[in-house]
Amino acid sequence: MATKLSADVLGNIDHKPPKQGWMDTKPEFLPGTYLYPVNPESLKAIGAPGAREWNPTESDWKLPADWQGTIKAGIKDRLNRFRSFKLFMDICVRCGACADKCHFFIGTGDPKNMPVLRAELLRSVYRQDFTALGKVFKKMAGGRPLTEEVIKEWFYYFFQCTECRRCSLFCPYGIDTAEITIIARELLNLIGCQIDWIGTPVANCNRTGNHLGLQPHTYKENVEYLLDDIEEYAGVRIEPSFNRKGAEILFVTPSGDVFAEPGIFTFMGYLMLFEHIGLDYTWSTYASEGGNFGFFTSHETMRKLNRKMYAEAERLGVKWILGGECGHMWRVVNQYMDTLNGPATFLEKPKSPITGTVFDNAASTKMVHITEFTADLIKNNKLKLDPSRNDHLKVTFHDSCNVARGMGMFEEPRYVLQNVCNNFYEMPPQTTREQTFCCGSGSGLNAGEYLEMRLRGGLPRANAVKAVHEEHGVNMLSCVCAIDRAVFPALMDFWVPGVAVAGVSELVANALVMDGENEREYNLRGEEIPTAGDDDAGEEE
Amino acid sequence: MNVIISLLAVIVLGVIAYVGVEGAGLRVLFGVIIPYAAVLTFFVGMVYRVIDWAKSPVPFRIPTTAGQEKSMPWIKPQPIENPSTRGGAIVRMILEVALFRSLFRNMKLDFRQGPKVRYSSEKFLWLFAILFHYSFLVTLLRHLRFFTDPIPAWVVGLESIDSMFKVEVMTPVIEIGLPALLLSGLVLGGMATLLLVRRLWIPQVRYISLPADYFPLWLIIGIAITGILMRYVIRVDVVGIKELTMGLATLSPALPDGVSGWFFVHLFLVSVLFAYFPFSKLTHMAGVFLSPTRNLVNNSRAVRHVNPWMTEPVKYHTYAAYEDDFRELMVEAGLPVDKELEPEDESADDKGEKE
């Protein structure tokens, strides 16, 4: 994943727009700045339209017959189904408050990454064909005809938005570009203009349960490797169950946690925490993906993939569902799940079997966030913790966009972190909590071929990490999102070398004093835990 | 370019009204027909817009959460930035509509070579916008003195507050101070001008600006200028104007002679603004109340909401189909299965008989 980018190149980003008007400026499909088109087999696998071989760098995109009719009918249909879409098409005054809030605008200087203009890409077509003034005044009213060039521009820029909603926070009318991007992607999907990093995971999630297409035995094997590691580093042998009927709780986490660093350390963290408190729970290989890639495709696909969680909970006869650390998964759970696939009458209102706490805030979805659950355990003194084991870490916390602006969970992770590590530092306030910056690779944009754009999008977040890295020596960026864990290591290596990435549950597990454990010399990464004495020795050398 | 076209459009509109009245004597058209048509267009149009928006459902709860959610009792929620109750959402909307809360949050990007990115507070847009809107409101309400008889006490009171700031400028041309200077009109014109300057000044904002962004600003500046001119510079027949406006208000139009063409320019530009309203971005006035990211309660984990159009059961890949795909591998890996493997040695029948 080499990139020709250097910090110097990025330092010369010019935020001044070109002289030429935006309607006359066309995107250039340069390597590193666009995503590969979806494998047609993946579209066929879930019965999505427009499956074909095509290449964004070629002039002919082989759009399906009557693609214009399809798109216009698609717009009309969605105007009637989503008030957000209709309203957001009409009421923007182009005040520009959102303009410099987008991480992609900051990192590219491309004016079409200003949320207002990103929306105009679609709004201009809406205006021309669906509004009175636009029908009469056309370009004078800001309208333009729907051409193949427009579709290319949509593909380029609507897959250059991570649906992080930061712009929405600052908009005086709450116009949410994420909503517009969601609809625009639905429209592109109607004519098969999907990217592979979304289309193929969707097909995999549908069939195998997880985005990588891990089959059930492989999933189990992967977990077993992690059990070996836990035994080696912590001296405790854990025997979790899979697809076990009658367990009290079903645990669902993004599958990213089960196969790659540093997500696997978070996964080991879950395993150790549940062992420590003796939780009666099970994993599912069938509903083995919490992250919902359908959310980046269409509301219908999101629903289809989300359905499996409730289906599995019902089949196994569990009482409620516990969810792992994930951004989009929780956006979907919080904003959509109960509406899409509820009511989950076969489940009970979640109650922690350890503390007796009843989670009223999850009374209807019957799904609790692992960080809420852990915070409650700590609050009730149910965990034996030795935070000094994390003393070599200087930790900061990245609020993932979806959990922040799509849910509002800010205090729980901070409470957990402050109980499991002694050195916690906040990034600058304009970059955290509701004002948090996206990792720059969310909503299915974390593809290898897209690294340059991801580095650009990740610049504002990395810059904030750099501030605490330089001021306090922060060397660990913690988060509660699997995409963050997947993409931040590359971004940190580039922007802020010396900062590693961890899920909150990994830091919990490091501090956890378990029954029968060894004298912990290694953390879950197999790295030696420096003791205070070692530190001194090291300094003397 | 867009800014010039819009300015020309407003100038042409003004000229049409002046020539139409002073030259062609179309006083009934500009004094009665167009104002009525414009007001009718405004009300019908706005009601139509709101109904049209409201007809589209809000299928999902999508509030932008700008503070801690309500979770466990010992975690302090932010009931307004992240409302868990209807009351919280109402307060959030009041802050939004009355004080422009989200815009107040505005930050400015400061990008330095390095690259270093910093953010500083940016309140100018908020300040211009809020002064603009409130002075617009005051000006509008103040004009009720032309449409009521007797003038309600609160309108008189409003005007006296508006004119508390007394300035006297006495030159042969301009005599400000007599009558009393009304702040709202000046602020309205001034803020519209500053918003226009801002639109031209900031390259990114200039880049996104359409004629539809400049036109209403020029229109409002034109209205403010003609209003101010009539009040302080050009002598107009105030009694005649009141007669005309009262006639309009009481649906018995009267057109006294001697009302200056400048008044008709003012009235025509106001009429254009009213008529333009429902077709343009100015509908944000009503739309802001309907914005699902701001007016909804964030309680969708606790309370079930229903999507009116997603009622068909979803087709999904069932567990049974999944197990059919992977049964052999699952059994081999020691994973529990709902349906056992078919034994290969055809002893299934025997087994069945025994049971």
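No experiment lies behind these values; they were computed from the predicted model shown.

Caption draft 1: Empty space enclosed by the protein, seen in detail. All names here are of chain A. Taken as a whole and judged by the stated rule, the model has eight cavities of 30 Å³ or more. In this structure, the largest cavity encloses a volume near 150 Å³. Lining the largest cavity are 18 residues, with C92, C98, V116, C171 and I175 sitting closest to its centre. Looking at the lining of the largest cavity, the elements with two or more residues in it are α6 (115–130) and α10 (177–190).

Caption draft 2: Looking closely at the interface of chain B and chain A. Of the residues lining the interface, 94 residues belong to chain B; the matching set on chain A comes to 121 residues. Summed over both sides, the interface of chain B with chain A buries roughly 9100 Å², with 60% coming from carbon and sulfur. Scanning the region where chain B abuts chain A turns up seven salt bridges. Summed over the shared surface of chain B and chain A, the number is 61 residue pairs in polar contact (both at pLDDT 80 or more). In terms of residues, the side of chain B that touches chain A owes the most to one element, helix α14 (residues 319–332) of chain B, which gives six residues. Of the residues contributing to the side of chain B that touches chain A, the split by class is 49 nonpolar, 25 polar and 20 charged.

Caption draft 3: Up close: the sheet that holds strand β7 (residues 500–503) of chain A. Residues and elements named next belong to chain A. The three strands lie next to each other as β5-β6-β7, forming an open sheet whose pairing is parallel. In this open sheet, the two strands that pair with only one neighbour each are β5 (395–398) and β7. Adjacent strand axes in the sheet meet at a mean angle of 35° when their direction is disregarded. Alignment of strand β6 (residues 476–479) against β7, held across four bridges, turns out to be parallel. Bridge pairing links M476 to A500 in β7. Its contacts with the sheet put helix α23 (residues 504–511) on β5, β6 and β7, and the angle it makes with β7 is roughly 85°.

Caption draft 4: Representation of the nonpolar core within the structure. Residues and elements named next belong to chain A. In this structure, I71, L122, I151, W154, C193 and Y336 are the most contacted members of the largest nonpolar core, which totals 130 residues. Discounting chain neighbours no more than four positions away, the residues touching L122 are I75, F85, M89, W154, F158, I180, A184 and L187. Among the nonpolar cores identified, the runner-up in size contains 87 residues, and L214, L227, L271 and A362 belong to it.

Caption draft 5: A look at the UniProt feature "transmembrane region" (unreviewed entry) in chain B. All names here are of chain B. Mapped onto this numbering, the UniProt entry annotates "transmembrane region" (unreviewed entry) at residues 27–51, 124–144, 176–197, 217–234 and 259–279. With 100% helix and 0% strand, the stretch residues 27–51 has end C-alpha atoms that lie 35 Å from each other. The span residues 124–144 shows a helical share of 90% and a strand share of 0%, and its end C-alpha atoms are spaced 31 Å apart.

Caption draft 6: Quick peek at the packing of helix α2 (residues 27–55) of chain B against helix α11 (residues 261–276) of chain B. Residue and element names in this part refer to chain B. Where α2 contacts α11, the two axes come as close as 8 Å, and the packing angle between them is 25°. Relative to α11, the element α2 lies roughly parallel. Between α2 and α11 lies a crossing whose hand is left-handed. Residues R27, F30, G31, I34, P35, A38, V39, T41 and F42 of α2 lie in contact with α11, whose contacting residues are F264, L267, F268, S271, F274 and A275. Counted by class, the contact of α2 with α11 contains 11 nonpolar, three polar and one charged residues.

Caption draft 7: Looking closely at the environment of Y336 of chain A. Within the fold, Y336 of chain A resides in helix α16 (residues 327–341). Considered as a pair, Y336 of chain A and F85 of chain A are 251 residues apart in the sequence and their alpha carbons are 17 Å apart. Not counting chain neighbours up to four residues away, the residues in contact with Y336 of chain A comprise E179, I182, F295, H299, M302 and R331 of chain A together with F60 and I62 of chain B.

Cut-offs and rules
Residues numbered from 1 in each chain as written. Chains lettered and ligands numbered in written order. Predicted model: local features only at pLDDT ≥ 70, side-chain atom pairs only at ≥ 80, totals over all residues. Heavy atoms only, no water. 1 Å grid on protein atoms, 1.4 Å probe; cavity = no way out; pocket = protein on both sides within 12 Å on 5 of 7 lines; lining within 4 Å. Points joined across faces, edges and corners; volume = space filled by probe spheres on them. Helix = DSSP H or I, 4+ residues; strand = E, 2+ residues; numbered from the N terminus. Contact = heavy atoms within 4.5 Å. Buried area = accessible area lost by both parts, 1.4 Å probe. Salt bridge = Lys/Arg side-chain N within 4 Å of Asp/Glu carboxyl O. Polar contact = N/O pair within 3.5 Å; in protein donor to acceptor, adjacent residues only side chain to side chain. Nonpolar A, V, L, I, M, F, W, Y, C, P; charged D, E, K, R; others polar. Pairing = 2+ DSSP bridges. Axes fitted to C-alpha atoms, helices over the stretch in contact; angles between N-to-C directions. Core = buried A, V, L, I, M, F, W, Y, C linked by side-chain atoms within 4.5 Å. Buried < 20%, exposed > 50% of the residue type's maximum accessible area, 1.4 Å probe, protein only. UniProt positions renumbered as here; feature names shortened; annotations may be inferred. Parallel < 35°, antiparallel > 145°, perpendicular 65-115°, else oblique. Left-handed = near helix turned anticlockwise from the far one by under 90°.

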